Amino acid sequence: MDNFMTSRQGWQKDISAGITVGVVAVPLAMAFAIASGVGPVYGLYTAIIAGILVSLFGGSTFQIAGPTGAFIPIVSGVMLAHGYEGLLVTTFLAGILLFLMSVLRVGRLIRFMPRAVTIGFTAGIAVVIFVDQLDELFGISFQKAPHFHENLLKLVTSLHEASLWPVFIAAIGFLTLWLVPKLPVKLPLLLMAMLVPTFVSLVVPGEVATIGSAYGGIPSGLPDFNWLAIDLDLIATLLPSAFAIAFLGALESLLSGAVADGMAGTKMNPDKELFGQGLANVVVPFFGGIPATGAIARTATNIQAGAVSRRSGVIHGLTVLLAVLVLAPLASYVPLAALAPILMRVAWNMSERHHVFEMIKHRSAESLVLLITLGLTVFVDLVVAVEVGVICALALFAKRMADTIDVREQTERYVTRDGQVVFSVEGPLFFGAIEMFEHVLHHIHDEPDVFIFNFHRCPVIDVTAVEEIRRVVRELKAADRRVVFAHLSTPVRQTLTHYGVLDHVDTFETTQEAIDAS
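Parameters and conventions
Residues numbered from 1 in each chain as written. Predicted model: local features only at pLDDT ≥ 70, side-chain atom pairs only at ≥ 80, totals over all residues. Heavy atoms only, no water. Helix = DSSP H or I, 4+ residues; strand = E, 2+ residues; numbered from the N terminus. Rg over C-alpha atoms; globule rule 2.2 N^0.38 Å. Buried < 20%, exposed > 50% of the residue type's maximum accessible area, 1.4 Å probe, protein only. Contact = heavy atoms within 4.5 Å. Pairing = 2+ DSSP bridges. Axes fitted to C-alpha atoms, helices over the stretch in contact; angles between N-to-C directions. Expected span 1.5 Å × (residues − 1). Bend = angle between axes of the 7 residues up to and from the residue. Parallel < 35°, antiparallel > 145°, perpendicular 65-115°, else oblique. Left-handed = near helix turned anticlockwise from the far one by under 90°. pLDDT = per-residue confidence, 0-100. Core = buried A, V, L, I, M, F, W, Y, C linked by side-chain atoms within 4.5 Å. Nonpolar A, V, L, I, M, F, W, Y, C, P; charged D, E, K, R; others polar.

J.: Can you help me understand the overall build of the protein in this one?
T.: Looking only at helices and strands, the protein features 21 helices and seven strands. For 518 residues, the compact-globule estimate of 2.2 N^0.38 gives 24 Å, and the C-alpha radius of gyration of the protein, at 30 Å, exceeds that figure by more than 25%. C-alpha extents for the protein along the principal axes are approximately 100 × 60 × 55 Å. Looking at the protein as a whole, 53% of its 518 residues qualify as buried. At a minimum sequence separation of 6, the contacts of the protein that also span at least 24 residues come to 80%.

J.: Would you mind showing me how to read the sheet that holds strand E6 (residues 482–486) here?
T.: With mixed pairing, the five strands of this open sheet are ordered in space as E3-E4-E5-E6-E7. Strands with a single pairing partner mark the edges of an open sheet, and in this sheet they are strand E3 (406–409) and strand E7 (506–508). Strand after strand, the sheet turns through a mean of 25° between neighbouring axes, direction not considered. Where E6 and E7 come together, three bridges link them in parallel fashion. Note on E7: the bridge partner recorded for Val484 is Asp506. Together, strand E5 (450–457) and E6 form the strand contacts of helix H19 (residues 463–478), whose direction differs from that of E6 by roughly 145°.

J.: How should I be thinking about helix H3 (residues 72–103) in this particular structure?
T.: Think of an α-helix as 3.6 residues a turn; residues three or four steps apart then line up on the same face. Its 32 residues place the ends of H3 only 27 Å apart at the C-alpha level, less than the 46 Å of an ideal helix rising 1.5 Å per residue. Along its length, H3 shows its largest kink, about 125°, at His82. Backbone geometry just downstream of H3 places Arg105 in the positive-phi region, at approximately 55°.

J.: It is not clear to me how the packing of helix H1 (residues 8–36) against helix H2 (residues 40–57) should be interpreted in this structure. Could you clarify?
T.: Any two packed helices are characterised by how steeply their axes cross, that is the angle between the axes, and by the distance between the axes. H2 packs onto H1 with a crossing angle of 130° between their chain directions and a minimal axis gap of 7 Å. In terms of their interaxial angle, H1 and H2 are classed as oblique. Once H1 is placed against H2, the crossing between them reads as right-handed. Across the interface between the two elements, Val26, Ala29, Met30, Ala33 and Ile34 from H1 touch Pro40, Gly43, Leu44 and Ala47 from H2.

J.: What am I meant to see in the confidence of the model for the protein here?
T.: Reading predicted coordinates in detail is not appropriate for stretches of low pLDDT. Of all residues in the protein, 96% have pLDDT values of 70 or greater, and the mean over the chain is 89. pLDDT under 50 marks residues 1–5. Its contacts with residues more than four places away, or in other chains, come to 14 contacts.

J.: Would you mind showing me how to read the environment of Val26 here?
T.: Of note, Val26 is situated in helix H1. Between the C-alpha atom of Val26 and that of His316, which follows or precedes it by 290 residues, the distance is 9.8 Å. For Val26, the residues in contact, after removing those within four places along its chain, are Leu44, Val320 and Ala323.

J.: Even after reading the chapter, I still don't get unusual backbone geometry, so can you show me in this structure?
T.: With a phi close to 55°, Arg363 is a non-glycine residue in the positive phi region. Of note, Arg363 is situated in the loop between helix H16 (353–362) and helix H17 (365–379). Residues other than glycine seldom take positive phi values, yet Asp480 does so here, at roughly 65°. Judged by relative accessible area, Asp480 falls into the exposed class, the value being 67%.

J.: Would you take a moment to explain the nonpolar core for this structure?
T.: General note: in soluble globular proteins, nonpolar side chains tend to be found buried as a group. Counting 94 residues, the largest nonpolar core has Met30, Met101, Phe121, Ile125, Ile211, Leu248 and Leu339 as its most contacted members. Counting residues per element, this core draws most heavily on H1, which supplies 11 residues. Those residues in contact with Leu248, other than ones at most four positions away along the chain, are Ala70, Phe71, Ile74, Phe121, Ile125 and Leu382. Formed by 29 residues, the second largest nonpolar core is a distinct cluster that contains Val425, Phe430, Ala465 and Leu476.

J.: It is not clear to me how the packing of H1 against helix H15 (residues 336–350) should be interpreted in this structure. Could you clarify?
T.: Two elements in contact, H1 and H15, have axes whose closest approach is 10 Å; the angle formed by their N-to-C orientations is 95°. Comparing the axis directions of H1 and H15 gives the class roughly perpendicular. Across the interface between the two elements, Pro27, Leu28, Ala31, Phe32, Ile34 and Ala35 from H1 touch Leu336, Leu339, Ile342, Leu343 and Val346 from H15. Of the residues that constitute the contact of H1 with H15, the class distribution is 11 nonpolar, no polar and no charged.

J.: It is not clear to me how the side chain of Ser351 should be interpreted in this structure. Could you clarify?
T.: Considering the arrangement of structural elements, one finds Ser351 in the loop between H15 and H16. The class for Ser351 is buried, based on a relative accessible area of 12%. Here Ser351 is in contact with Ala123, Ala126 and Val356, once residues within four sequence places are set aside.

Here you go:
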């Protein structure tokens, strides 16, 4: 399926699928760019270049790459703080970071992101995108601020400036999104949601802001190559945002690739996918493009449209290019209010609302992690949200793992001699379990002079637990007690040997052997 030299029928399927997803990509690319604070043409350039490069060099057969809604809060924040030139450098740095992730083979690790954190920041991004479209929907203009609550306050205090015509145009867009799927003829939904309000707006010229009035005309030609203005001070300033873009891009592209694997029965190479994403983000800023990643909805559309190889992604990029070359002047007439329903629909679909309500209803510790991550994504920023969310999730995991660990006396289970006491060590020993051995030392002043530890149910051990065991052994030996370890797994034995603990204890294969020999 992944071979470029397939049958004529395969070519026909890829051409059809590529054109279909290309038509879907055009309105989305413009809408995402405008919502991010840049001109719509730069979203189109990104869809063209990233779409082709990721299809050729990525690790997923059917991945469709381009600008996505998840990047909007980060990109708009960079635009506000550092301007368009700063955004280009940030995108380039994010591409370098994605390259490093590929080389370090972290593609498989990213997929272990806690689900509560993923749902939390995804829902938070959706909230930001949705609310961020209200000013265009109401025809309100104000200077955007870096934080969500500041923009929300400005919106509320400016509602008296709302205009009827943008609301009417947006309502036509929402109505189109609702009606088109019900028609007996299959039409490109998002394209129709952009075109129908545009035609309606032509009846009342000058009443609503358009792409042309806000950004000027879209050039109908190929993008120019431009060098980036990079200096060390700027790199240090932009690195946190670049890391956020790289992390989010890696996560979204791998999720998209996993969805494609489930739909098409393919197997993605995650590290190669990160390489392709890195290449795309390194190249696009030299042509004015913005951050790109794999788009789940467009990738699913590609597969559903019958794609059989990577060619479909390349054809998708060429379709967007053709739209720029032929139809660019017409895009100037598209009302900004017509793009608001499209982006609101994107936000609604990506909000993970069912999972959010399900986890909150469960009222577990994960619910708290989700709400913390969601709140920080909305009111602070994505980097802080992910950092705090992951720390909370790890703390919760450590607590739950610690609750499964036990060091209990089980002398009665064995035939022992006087002076022997047997302890069973159960669960993985790590930093959360350092208190488990405290009650062992309570027996120092009792009669037992032989302490046997059965590690049969202890699969692994970390350095903190090693130090605790070393302390216990030292105190037992100082009290002239004999210490015996039994049933050591290979990882546990290797770790204890490395840190010299086994030099001070006797070891046996089984607990009964330890009892008999002691």
